[in-house]
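Here is what each chain is made of, one letter per residue.
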Amino acid sequence: MKSLSVTSLVLVAAVTADSVHLAARTNAGLFHGVQTLRQLLPFEVESDMNVRPATGWRIPALTIVDRPRYAWRGAMLDVARHFFTVDEVKQVIDIVALYKLNTLHLHLTDDQGWRIEIKSRPKLASVSGASQMGGGVGGFYTQDDFREIVRYAAERFVTIVPEIEMPGHSSSVVNAYPEVHCTTRPGGNPDSTFYGICPDSAESFRLVDDVVREVSALSPGPYIHIGADEVSVLPPEQFVRFVERAQDIVTKYNKRMIGWEEIFRARLLPTTLVQLWRTDSARGALSYGSKLIMSPAPKVYLDMKYTPNTELGLDWSGFVEPRTSYEWDPATYLPGVTDANIVGVEAPLWTETVRNVTAAEYMILPRLPAIAELAWTPPAARRWDDFRERIAEHAPRWRLMGINYYPSAQIRWR
Ligand code: ACM
C-alpha cells in the first residue's frame, strides 16, 4: 500500500496501476477499506498455504467512495440457550468484521443458563452457568474471558452489547437466587407461571443493580440491553414499573438502555433504544424520541429455517432465504417509521437448535452478508441480481477460511 491518510469524510479507495490509496475519517473507516480491498483480491488470498502467484495478486484499477447508511450494523448471538466458547465467539466476530458490521449483541442470559461471572452474585455463574438447553454442561465467561471478547472485538472495530434478560426469561436467576422470585403472582394470584424476577421486591433491584454495575464496568460500549421481551404473565403496570426502574439503574451506571420492543409501554428516555422484532408496537417508542434497531423476524432472524428442509432452525416466523433478508427496506417497513427514527439493523441468531459455531455459521452465511449490504448501501444501489452474483464468489473464500455456509439454491455458487 503506497499511502494511507485520514483526510476525507468518507472512505475512499483508489487503485491505480502502481498504487492503492485508502483514506477515511476514522480508523474504523480504514479497517473497512481494508476489508473491501481484501474482497477485491482473488479468493486464494484467504489461503494459509502461501500460494501467491509469481506474478503477484491482481486487483482491478478503480475508485470507490463509500459510506455506511446506518450507524448500527449488527448481529446477535444467543450464548444462553447453548454456550459458545470464547474462541467460537471470536470466530463469529471475524465474520461480523469481514462484512463491515460494527456491533455484536451477546444474549448472555435466559431461562436455560447464565453466561457471565458476577463477582457480587457468584451463584449466577456457578449454579446457572452449568446448564443449557437439552441438558448439556453449559459454561460461562469469567470476567477476564469477557474482557478478552471485548478486546478482540474492539481490535476489529466491533462493539459488544451485553444483554442481561429481565424480568422474564430469568429462570436462571431464580434458580441461583430464589429470593428474587415472587412466590405468588404479583396481584395475588397463587397460580403463578411467572418464573422471572419479582418486580416489586427490593431484593430484586439489589440484584439488578449488582449485575448492571459489574457488567457496565466490564463493557466499554455505551449500551446495556435488558431484554424485557415476552413477559406476558406480568400485569402491564408491574412490567412498566420494572422497566422504568431498570432504566434508572442502567442510567446510574452511565449506560444507555436497550430493550426489545415490548418496553415501548414504559416511559422511555430519548437515549434508550428499542429493538423491533415482531410487531409494529415499537412505533410506540417514537413519542419518547427513542430510536429503533430494526430486527424484524420474518426478514433477519438468522435462526429461522431457510426452507422446510433445513435441518436446523425454527419456523414460527416463516422461512427466510437470503433473498428475503436482502429485499426489504428498514425505512419503509413500518408506516410512520423513517430513517430518522432508525439507528440501524441487527440480525439475531437464537440458538435453541444451534449448538456450536459450525451450526451457527450455517445459519449466518449467506444471510448475514445480505443484511450487512442492506445496512451499508443505499436502496437505490442495491439489486438482488447483482448481490447474488457477487456473494457466489465468497464461497471459495469461506471454504479456505474453514467457515461453514448454507448453499442456498437462490445463488449460483462457483
Ligand atoms: C425475541 O425473539 N423474543 C426477542
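Rules and cut-offs
Every chain begins its residue count from 1, and numbering advances along the sequence as written. Whole-chain, interface and lining totals are the exception, using all residues; otherwise, since this is a predicted model, local features are given only for residues with pLDDT of at least 70 and side-chain atom pairs are given and counted only at 80 or more. For side-chain calculations, the full set of non-hydrogen atoms in the structure is used, while hydrogens and water are omitted. When two rings of Phe, Tyr or Trp (its six-membered ring) have centres within 6.5 Å they constitute a pair, described as stacked for plane angles under 30 degrees, edge-to-face for angles over 60, and tilted for the intermediate range. Helical segments are the DSSP runs of H or I of at least four residues, strand segments are the runs of E of at least two, and each set is numbered from the N terminus. Here the term buried applies to any residue with accessible area under 20% of the maximum for its type, exposed to any over 50%, and partly exposed to those in between, with areas from a 1.4 Å probe on protein chains only. Whether a charge sits over a ring depends on NZ of Lys or CZ of Arg being within 6 Å of the ring centre and within 35 degrees of the ring normal. Domain limits in this description derive from either an automatic procedure or a database domain assignment. Only heavy atoms matter for contacts: two residues are in contact if any of them lie within 4.5 Å across the pair. Buried area: the sum, over both parts, of the accessible surface (1.4 Å probe) that disappears when the two are put together. For helices, the axis comes from a line fit to the C-alpha atoms of the stretch in contact; other axes are also lines fit to C-alpha atoms, and the angle between any two N-to-C directions lies between 0 and 180 degrees. Put simply, angles under 35 degrees are roughly parallel, angles over 145 are roughly antiparallel, angles from 65 to 115 are roughly perpendicular, and the rest are oblique. Two helices that cross are described as forming a left-handed crossing if the nearer one is turned anticlockwise from the farther one by less than a right angle, and a right-handed crossing if clockwise. Any residue outside Ala, Val, Leu, Ile, Met, Phe, Trp, Tyr, Cys, Pro, Asp, Glu, Lys and Arg is labelled polar, Gly included; the first ten of those are nonpolar and the last four are charged. Think of a salt bridge as a Lys or Arg side-chain nitrogen and an Asp or Glu carboxyl oxygen that are within 4 Å of each other.

### With respect to the packing of aromatic side chains
Under the defined criterion, the tally for this structure stands at 19 aromatic pairs. With a centroid separation of 5.2 Å and an interplanar angle of 70°, the aromatic rings of Trp 72 and Tyr 223 are classed as edge-to-face. On the criterion of sequence distance, the pair formed by Trp 72 in strand S5 (residues 72-78) and Tyr 223 in strand S10 (residues 223-227) is long-range, its members being 151 residues apart. By relative accessible area, which is 13% here, Tyr 223 ends up buried. A centroid spacing of 5.4 Å and a plane angle of 70° characterise the contact between Trp 328 and Tyr 333, whose relative ring orientation is edge-to-face. Accessibility expressed as a relative area gives 7% for Trp 328, which makes it buried. Here a set of aromatic residues connected by ring pairs shows up, and it is made of Trp 260, Trp 277, Tyr 301, Trp 316 and Trp 350. Note that Arg 156 overlies the ring of Tyr 152, its terminal NZ or CZ placed 3.5 Å from the centroid. Directly above the ring of Phe 205 sits Arg 245, whose terminal nitrogen or CZ lies 4.3 Å from the centroid.

### Looking at the domain arrangement of the protein chain
The assigned domain composition of the protein chain is domain 1 (1-67) and domain 2 (69-380). Computed from C-alpha coordinates alone, the two centres of domain 1 and domain 2 are separated by 34 Å. If you look at the interface, domain 1 gives ten residues, while domain 2 gives eleven residues. Between domain 1 and domain 2, the buried area comes to about 910 Å², and carbon and sulfur atoms account for 61% of it.

### Let's talk about the packing of helix H2 (residues 86-98) against helix H4 (residues 143-155)
As a packed pair, H2 and H4 sit with axes 10 Å apart at the nearest point and diverge in direction by 15°. When the axes of H2 and H4 are compared, the pair comes out roughly parallel. The way H2 lies across H4 gives a crossing that is right-handed. In contact with Val 86, Val 89, Lys 90, Ile 93 and Asp 94 of H2, H4 contributes Asp 145, Glu 148, Ile 149, Tyr 152 and Ala 153. Taken together, the residues that form the contact of H2 with H4 break down as six nonpolar, no polar and four charged.

### Some thoughts on the pattern of salt bridges
By the definition in use, this model includes 29 salt bridges. Between Glu 352 and Arg 81 there is a salt bridge whose closest N-O contact spans 3.7 Å. On the criterion of sequence distance, the pair formed by Glu 352 in the loop between strand S14 (342-349) and helix H11 (357-364) and Arg 81 in the loop between S5 and H2 is long-range, its members being 271 residues apart. Among the residues examined, Glu 352 registers a relative accessible area of 23% and is labelled partly exposed. A salt bridge links Glu 148 to Arg 151; its shortest N-O distance comes to 2.8 Å.

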